[in-house]
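Spelled out from the first residue to the last, the chains are:
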Amino acid sequence: MESAQKLASRFREVILNGTWIANTNYQDQLSNITWQQAITKVSSLNTIALLAFHINYYIAGVMNVFKGGNLEIHDKYSFDMPEITSENEWNKLLKTMMQNAEAFAKYVEEMSEEQLDNTFIDPKYGSYRRNIEALIEHSYYHLGQVSLIKKMILLS
């Protein structure tokens, strides 16, 4: 159980409340920007809103498997975000992302060592542990992008 709690803590760090690795997290980076800033396109980069949608897409998709559902996410759809046209829509995305992140972390906390090492759907996807670690690493990768894009927008 100890390693499950450590994984859950690492996941919370990147999404909800940590500062140890990147000195920030998604909640911190996203909570103080407007919907207009979130959808602002900087050169050929993804928007902040699109990156938030993308990370939440994977959190929700992996969590669906934790709940006993099928793996229904596909990389080709991970950037298919509905258009955001208001502060309410932006806030809804943020709220959903943060709620999903906390629920995801709670599922991880409850996993036994055996569950963590079990095959995730199909051997080609590795173990549950590998998928959780990949989601953490993937989230940090895009958090760096969010931080840089946010700086570009605020400086323009």
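This text goes with the structure placed above it.
Quick summary incoming for the structure in this document.

Reading the values: the criteria
Numbering of residues starts from 1 in every chain and runs along the sequence as written. Given that the model is predicted, a residue must reach a pLDDT of at least 70 before its local features are reported, and side-chain atom pairs must reach 80 or more before they are shown or counted; all residues, however, enter totals for whole chains, interfaces and linings. Side-chain descriptors were evaluated using all non-hydrogen atoms of the structure, hydrogens and water having been removed beforehand. The working definition used for a salt bridge is a side-chain nitrogen of Lys or Arg within 4 Å of a carboxyl oxygen of Asp or Glu. Every helix listed is a DSSP run of H or I at least four residues long, and every strand listed is a run of E at least two residues long, numbered separately from the N terminus. Remark: exposure states derive from per-residue accessible area (1.4 Å probe, protein chains only) relative to the maximum for the residue type, with buried under 20%, exposed over 50%, and partly exposed in between. As used throughout, the charge tally considers Lys and Arg to be positive and Asp and Glu to be negative, leaving His and the chain termini uncounted. It only takes one pair of heavy atoms within 4.5 Å for two residues to be counted as in contact. Only buried residues count toward a nonpolar core, which is a set of Ala, Val, Leu, Ile, Met, Phe, Trp, Tyr and Cys residues joined through side-chain atoms within 4.5 Å. Orientation is described by lines fitted to C-alpha atoms, with helices fitted over the stretch in contact, and by angles between N-to-C directions that extend from 0 to 180 degrees. If an angle is under 35 degrees, it is roughly parallel; if it is over 145, roughly antiparallel; if it lies from 65 to 115, roughly perpendicular; otherwise it is oblique. In this scheme the crossing of two helices becomes right-handed for a clockwise turn of the near helix relative to the far one and left-handed for an anticlockwise turn of less than a right angle. Classes in brief: Ala, Val, Leu, Ile, Met, Phe, Trp, Tyr, Cys and Pro nonpolar; Asp, Glu, Lys and Arg charged; the others, Gly included, polar. Pairing of aromatic side chains requires ring centres within 6.5 Å, counting the rings of Phe and Tyr and the six-membered ring of Trp. Pairs whose planes differ by under 30 degrees are stacked, by over 60 edge-to-face, and all others tilted.

Observations concerning the pattern of salt bridges
Pairing between side chains of opposite charge can happen when the charged atoms of each approach one another.
Move 1: Going through the model one piece at a time under the given rule, you end up with 4 salt bridges.
Move 2: Between Glu109 and Arg12 there is a salt bridge whose closest N-O contact spans 2.8 Å. Taken together, the positions of Glu109 in helix α5 (residues 87-109) and Arg12 in helix α1 (residues 2-17) put the pair 97 residues apart, joining distant regions of the chain.
Move 3: For Glu109, a relative accessible area of 24% translates into the label partly exposed.
Move 4: If you follow the salt bridges from partner to partner, you end up with Arg12, Glu102 and Glu109 in one network.

Some details on the side chain of Lys150
Move 1: By the element assignment, Lys150 lies in helix α7 (residues 128-155).
Move 2: The side chain of Lys150 is buried and forms no salt bridge, while Asp28, the nearest opposite charge, is found at 6.0 Å.
Move 3: Filtering out sequence-adjacent residues up to four positions away, Lys150 remains in contact with Asp28, Gln29, Asn32, Ile33 and Ile48.

What to know about the nonpolar core
Move 1: Counting residues in each nonpolar core, the largest one holds 49 residues, and the members touching the most others are Ile15, Tyr26, Leu30, Trp90 and Phe104.
Move 2: Those elements that provide at least two residues to this core are α1, α2 (26-30), α3 (35-38), α4 (48-66), α5 and α7.
Move 3: Broken down by element, the residue count for this core peaks at 13 residues, all from α4.

Structural notes on unusual backbone geometry
Move 1: Residues other than glycine seldom take positive phi values, yet Asn23 does so here, at roughly 60 degrees.
Move 2: With respect to the secondary-structure elements, Asn23 resides in the loop between α1 and α2.
Move 3: By relative accessible area, which is 61% here, Asn23 ends up exposed.
Move 4: At Ser43, a position not held by glycine, the phi torsion is positive, near 50 degrees.
Move 5: Inspection of the secondary structure puts Ser43 in the loop between α3 and α4.

Overview of the packing of α1 against α7
Move 1: Put simply, α1 and α7 touch, their axes get as near as 9 Å, and they point 20 degrees apart. Considered as vectors, α1 and α7 are oriented roughly parallel to each other. Both α1 and α7 take part in a crossing whose hand is left-handed. Across the interface between the two elements, Ser3, Leu7, Arg10, Phe11, Glu13, Val14 and Ile15 of α1 pack against Arg129, Ile132, Glu133, Leu135, Ile136, Ser139, Tyr140 and Leu143 of α7.
Move 2: Taken together, the residues of the contact of α1 with α7 sort by class into 9 nonpolar, 2 polar and 4 charged.

Let's talk about the packing of aromatic side chains
Move 1: Across all of its chains, the model carries 7 aromatic pairs by this definition.
Move 2: Judged by centre distance (4.5 Å) and plane angle (40 degrees), the ring pair of Phe11 and Phe104 falls under tilted. On the criterion of sequence distance, the pair formed by Phe11 in helix α1 and Phe104 in helix α5 is long-range, its members being 93 residues apart.
Move 3: Pairing Phe120 with Tyr128 gives two aromatic rings, centres 5.1 Å apart and planes at 75 degrees, and the pair type is edge-to-face. Judged on exposure class, the residue Phe120 and its partner Tyr128 are both buried.

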